[in-house]
Amino acid sequence: MLSPELLAILRCPLNPSRTRLALEDNHLVCERCRVRFPIKDGFPVLVIEEAELPASCDGISKLPCQQEGK
């Protein structure tokens, strides 16, 4: 289980300056774009290649945080 202190400082690696991650089941979920990062052996895996994209998204470049400023 992740500590509340760690959850308070973790951010989505795709938009680390602003977007928090929420704990849902055994994943950390980006509060903005809903990308799901697994937790393996008690450690969050914040690597986009290991993450699950939302069903409505067909690629990383289509995520809201990747569309800003384009």
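Residues numbered from 1 in each chain as written. Predicted model: local features only at pLDDT ≥ 70, side-chain atom pairs only at ≥ 80, totals over all residues. Heavy atoms only, no water.

### Details of the side chain of His-27
Link 1 in the chain: Turning to its location among the elements, His-27 is positioned in strand β2 (residues 27-30).
Link 2 in the chain: There is a polar contact of 3.3 Å between the side chain of His-27 and the side chain of Glu-52.
Link 3 in the chain: In this structure His-27 touches Ala-22, Arg-36, Phe-37, Pro-38, Ile-39 and Glu-52, once residues within four positions along its chain are discounted. (Helix = DSSP H or I, 4+ residues; strand = E, 2+ residues; numbered from the N terminus. Polar contact = N/O pair within 3.5 Å; in protein donor to acceptor, adjacent residues only side chain to side chain. Contact = heavy atoms within 4.5 Å.)

### Looking at the sheet that holds strand β4 (residues 43-44)
Within a sheet, neighbouring strands are paired by backbone hydrogen bonds and run either parallel or antiparallel to one another.
Link 1 in the chain: On the basis of which strands lie adjacent, the open sheet formed by four strands has the order β1-β2-β3-β4 and antiparallel pairing. Because the sheet does not close on itself, it has two edges, and the strands there are β1 (21-24) and β4. (Pairing = 2+ DSSP bridges.)

### A word on the nonpolar core
Link 1 in the chain: Counting 16 residues, the largest nonpolar core has Leu-21, Leu-28, Cys-30, Val-35, Phe-37 and Leu-63 as its most contacted members.
Link 2 in the chain: Sequence-distant contacts of Phe-37, defined by excluding residues within four places in its chain, comprise Cys-12, Pro-13, Leu-21, Asn-26, His-27, Leu-28, Val-45, Leu-46, Val-47, Ile-48 and Ala-51. (Core = buried A, V, L, I, M, F, W, Y, C linked by side-chain atoms within 4.5 Å. Buried < 20%, exposed > 50% of the residue type's maximum accessible area, 1.4 Å probe, protein only.)

### Re the pairing of strand β3 (residues 36-40)
Link 1 in the chain: Two elements, β2 and β3, share three bridges in a ladder whose sense is antiparallel. Bridged to Leu-28 within β3 is Phe-37.
Link 2 in the chain: Here β3 runs beside β4; their pairing, made up of two bridges, is antiparallel. What sits directly across from Lys-40, in β4, is Phe-43.
Link 3 in the chain: Linking two consecutive strands that pair antiparallel, namely β3 and β4, is a turn of two residues; a positive phi of about 55° is found at Asp-41 within it.

### With respect to unusual backbone geometry
Link 1 in the chain: Its identity is not glycine, yet Arg-34 carries a phi of approximately 70°, on the positive side.
Link 2 in the chain: Structurally, Arg-34 can be placed in the loop between β2 and β3.

### Details of the confidence of the model for the chain
One rule of thumb: low pLDDT means the predicted coordinates there are not for detailed reading.
Link 1 in the chain: On average, the chain scores 88 in pLDDT, and the residues at 70 or more come to 96%.
Link 2 in the chain: Mean pLDDT values over the elements of the chain span from 76, in helix α2 (residues 64-67), up to 96, in β3. (pLDDT = per-residue confidence, 0-100.)

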